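A closer look at the structure
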Amino acid sequence: MDYNNFESKSAQEILQWAKNEYGQKAGLASSFGMEDMVLIDLLAGLQGDITIFTLDTGRLHEETYEVMERARSKYGVTIKAYFPDKEKVEALQKDKGFFSFRESVENRKECCSTRKVEPLNRALSNLDAWITGLRREQGVTRVDVQKVAADDDHNSIIKINPLADWSLSMVEEYIKANDVPINTLHKKNYPSIGCAPCTRSIETGEDIRSGRWWWENPEHKECGLHPRS
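Quick caveat: nothing in here was measured; it's all calculated off a predicted structure.

1. Points about the overall build of the chain
Scanning the chain from terminus to terminus reveals six helices and six strands. Overall, the chain shows an N-to-C arrangement of helices and strands of α-β-α-β-α-β-α-α-β-β-β-α. Since a compact globule built from 229 residues should have a radius of gyration of about 17 Å, the 17 Å found for the chain is in line with a globular shape. Principal-axis analysis of the C-alpha atoms gives the chain an extent of 50 × 40 × 35 Å. In the form shown here, the chain has an accessible surface area of approximately 11,400 Å², with 46% of it arising from carbon and sulfur atoms. Distance from the positive charge centre (31 side chains) to the negative charge centre (37 side chains) of the chain: 3 Å.

2. Digging into the pairing of strand 1 (residues 26-29)
Burial along strand 1 is two-sided: the residues Ala26 and Leu28 and Gly27 and Ala29 are all buried. Bridge count between strand 1 and strand 2 (residues 51-55): three bridges; the pairing is parallel. Within the sheet, the bridge partner assigned to alanine 29 lies in strand 2 and is phenylalanine 53. For the crossover that starts at strand 1, traverses helix 2 (residues 34-44) and ends in the parallel strand 2, the hand is right-handed.

3. Some thoughts on the pattern of salt bridges
Oppositely charged side chains can pair when the atoms bearing their charge come close. Per the stated rule, a full pass over the model turns up 10 salt bridges. A salt bridge links arginine 136 to glutamate 7; the shortest N-O distance between them is 2.6 Å. With a gap of 129 residues between them, arginine 136 in the loop between strand 4 (129-131) and strand 5 (148-151) and glutamate 7 in the segment before helix 1 (11-22) connect regions that are remote in the sequence. A relative accessible area of 26% means that glutamate 7 is categorised as partly exposed. In this structure, lysine 86 engages glutamate 90 in a salt bridge whose closest nitrogen and oxygen atoms are separated by 2.9 Å. Of this pair, lysine 86 and glutamate 90 both sit in helix 4 (residues 86-96), four residues apart, roughly one helical turn. Where salt bridges share partners, they join Glu35, Arg135 and Glu137 into one cluster.

4. What to know about the sheet that holds strand 2
What the six strands build is an open sheet, ordered 3-2-1-4-6-5; its pairing is mixed. Among the strands making up the open sheet, the edge pair consists of strand 3 (79-82) and strand 5. For this sheet, the mean inter-axis angle between neighbouring strands, taken without regard to orientation, is 30 degrees. In the sheet, strand 4 pairs with strand 6 (residues 157-160) via three bridges, with the strands oriented parallel. The residue bridging tryptophan 130 from the neighbouring strand is lysine 159, located in strand 6.

5. Some points on the layout of surface pockets
The space that makes up the second largest pocket amounts to roughly 270 Å³. Contributing to the lining of the second largest pocket are 16 residues, with Asp49, Ile50, Ile52, Val77 and Thr78 lying nearest its centre. Of all the elements in the fold, those that place two or more residues in the lining of the second largest pocket are helix 2 and strand 2. Per-element accounting of the lining of the second largest pocket gives the leading share, three residues, to helix 2.

6. Description of the pairing of strand 3
The side chains of a regular strand alternate, first on one face of the sheet and then on the other. Looking at chain direction, strand 2 and strand 3 are connected through four bridges and run parallel. Bridging across to strand 3, threonine 54 finds its partner in alanine 81. Chirality of the crossover, the property in question, places the unit of strand 2, helix 3 (residues 62-75) and strand 3 among those that are right-handed.

Criteria and cut-off values
Residues numbered from 1 in each chain as written. Predicted model: local features only at pLDDT ≥ 70, side-chain atom pairs only at ≥ 80, totals over all residues. Heavy atoms only, no water. Helix = DSSP H or I, 4+ residues; strand = E, 2+ residues; numbered from the N terminus. Rg over C-alpha atoms; globule rule 2.2 N^0.38 Å. Areas by Shrake-Rupley, 256 points an atom, 1.4 Å probe, with all protein chains shown as cover. Lys, Arg positive; Asp, Glu negative; His and termini not counted. Charge placed at Lys NZ, Arg CZ, Asp CG, Glu CD. Buried < 20%, exposed > 50% of the residue type's maximum accessible area, 1.4 Å probe, protein only. Pairing = 2+ DSSP bridges. Right-handed = clockwise from strand over helix to strand, strands pointing away. Salt bridge = Lys/Arg side-chain N within 4 Å of Asp/Glu carboxyl O. Axes fitted to C-alpha atoms, helices over the stretch in contact; angles between N-to-C directions. 1 Å grid on protein atoms, 1.4 Å probe; cavity = no way out; pocket = protein on both sides within 12 Å on 5 of 7 lines; lining within 4 Å. Points joined across faces, edges and corners; volume = space filled by probe spheres on them.

So far we have only geometry, and geometry alone does not tell us how the molecule works.
If you want it as structure tokens, here you go:
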């Protein structure tokens, strides 16, 4: 299949294709940020079923759980949560403490691997395709994101990024026009939301992912879920 053909298709067209092609063997990996809520809203208006899952790291904001519940209530969706391995988390905290991720990039990636990457791999092992809210505008690590491609970092599973060419203003306009519920932290200058200890609000003019792992350089700001090719 020539995945380049999807570059001219709309988000709705790509999502409907994913539903038709994969059904519940396609999963939306949702952190319940703005982009993911747009995708849930779009999916709700299309025919067919799909899997929605989230990675519950154990260190999410209360506001993130609240918007999960709002999505579940409004759209009537089932959300499958994947948790990190209990013994691995206990060993990491016993050996390195509770904030080792701030000591080095290596330690931070170790924490992300334990709390996010390994649970994601378990989730993807049950799927043939996964859908994300990645956008090219989000940062230097995401400028080459394709709308549809084989993901060589995850056993060549099909990775679908319907919003790859959307701007932030397009996301915000869609949310406003369609009354999409969002994480209340977005209204407090949190454009990108992850684990609570690794996320802060940003100042006017800062890059939209500057509030993630703010003590690191921009080229390191991925957790391992979306390695840059």
